[in-house]
Amino acid sequence: MMREVFLGLLATGLICTQAYASHDAAHLPDPGLASSVLSAEGGAVPTVTQTQPAVAGKSAKRANFEQTNASKEARHVANWVVDSGDNLNKPFVIVDKLEARVFVFDAKGQLRGESSALLGLARGDHSVPGIGTKKLSTIRPEERTTPAGRFVANLDKNLKGDEMLWVDYDTAISMHRVVTGNAKERRAERLASSLPSERRISYGCINVPVKFYENVVSPAFTGTDGIVYVLPETRSAREVFGSYDVGERVRLQAASQSHPILPEAHGFR
C-alpha cells in the first residue's frame, strides 16, 4: 500500500528532481546498529552506534584507493568500513560532500571508480521533516540538503523506466545520471567544474556523469544491495558513523600485546 501511495505522489510531480519509484528497504540496515539523533540544525541525521574494533590479533584492513586523491575524512571512513566489516560484505559508496565527489568500492574495499558529483544546494547534514513528500516548488533553498548517514541502497527505476540507485526512501534521495533538463542550472557544466562549491545545486539527490553511472555505479549494485556512506559536513564522521582510526587501533593493539596486564593487577596472588 505504501508503495502505491508513494508512486501516486510521484505521478503528480512530487519528490526530488525527477519522479522516482520506491523500494521496501529501510535506510538503516540493522536496528541493533543504528539509531537516529536530532542534530543542532533541527532535523534527524541518521547515525550508527560505535562499531566494535577488530578482534585482538587481527591485522589491519584498509580500502584500496589506488592512485586516486581523496580527502582524509573519505579515507578514514573507507578504511574503517573495510577494517570493521561495517559494509556486511557488500559493495559500498563514499559520498564526500565537502569535495562533492563519489567513490565506489567493491565488497572487499577495492576502488571501482570515482567521480565528481552534484549534491544538495544547501550546506547541512539533516533533512527537513516530510521533505520526501513536498512539491519541488515549495522546497526552500536552505532545505535542499543531502543528508549525511549510512544507507542501504539498491537499484530501482523511476516512472519513465530509467534506472537509479535508491539511497534513502524517507527523504527521497537517490543517485542517478545527471539531470540536464533545466538549462539555467547548467548541471553538465557544473559537474565538470573543478570547484566543489559549483557542484552544489540539486534538491538533495546525487547526480553523477552518465558514463560513470552506467559503467561503475550500475554494475556495482546489479544483483545486490549495498551501503552508501554520505559524509557529514557539520559534524565529524566519528559522531555520525561511530568510526575509528584503523592505524590507531593497530597501535593500541600492539601496545596492549607489548604490555600485558599481570594477574596482580586484578588482585590475584
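The paragraphs below set out a description of the structure included in this document. Quick caveat: nothing in here was measured; it's all calculated off a predicted structure.

## Some points on the pairing of strand β9 (residues 173–177)
Taking burial as the measure, the 5 residues of β9 include 4 buried ones, the bulk of the element. By the bridge criterion, 3 bridges tie strand β8 (residues 163–168) to β9 in an arrangement that is antiparallel. In the strand pairing of β9, Leu 165 is matched with Met 175. Hairpin geometry of β8 and β9 is characterised by an intervening segment of 4 residues between the two adjacent antiparallel strands and by a positive phi of about 55 degrees at Ala 172.

## Comments concerning the pattern of salt bridges
Within this structure, the stated rule accounts for 16 salt bridges. For the salt bridge of Arg 140 with Glu 142, the shortest nitrogen-to-oxygen distance reads 2.7 Å. Classification of Arg 140 by relative accessible area gives partly exposed; the value is 43%. In this structure Glu 142 comes out as partly exposed when scored by relative accessible area, which is 47%. As a salt-bridge pair, Glu 214 and Arg 177 come within 3.2 Å of each other at their nearest N and O atoms. Within this pair, whereas Glu 214 is found in helix α4 (residues 210–221), its partner Arg 177 is found in strand β9, the two being separated by 37 residues in sequence.

Rules of the game
Residues numbered from 1 in each chain as written. Predicted model: local features only at pLDDT ≥ 70, side-chain atom pairs only at ≥ 80, totals over all residues. Heavy atoms only, no water. Buried < 20%, exposed > 50% of the residue type's maximum accessible area, 1.4 Å probe, protein only. Helix = DSSP H or I, 4+ residues; strand = E, 2+ residues; numbered from the N terminus. Pairing = 2+ DSSP bridges. Salt bridge = Lys/Arg side-chain N within 4 Å of Asp/Glu carboxyl O.

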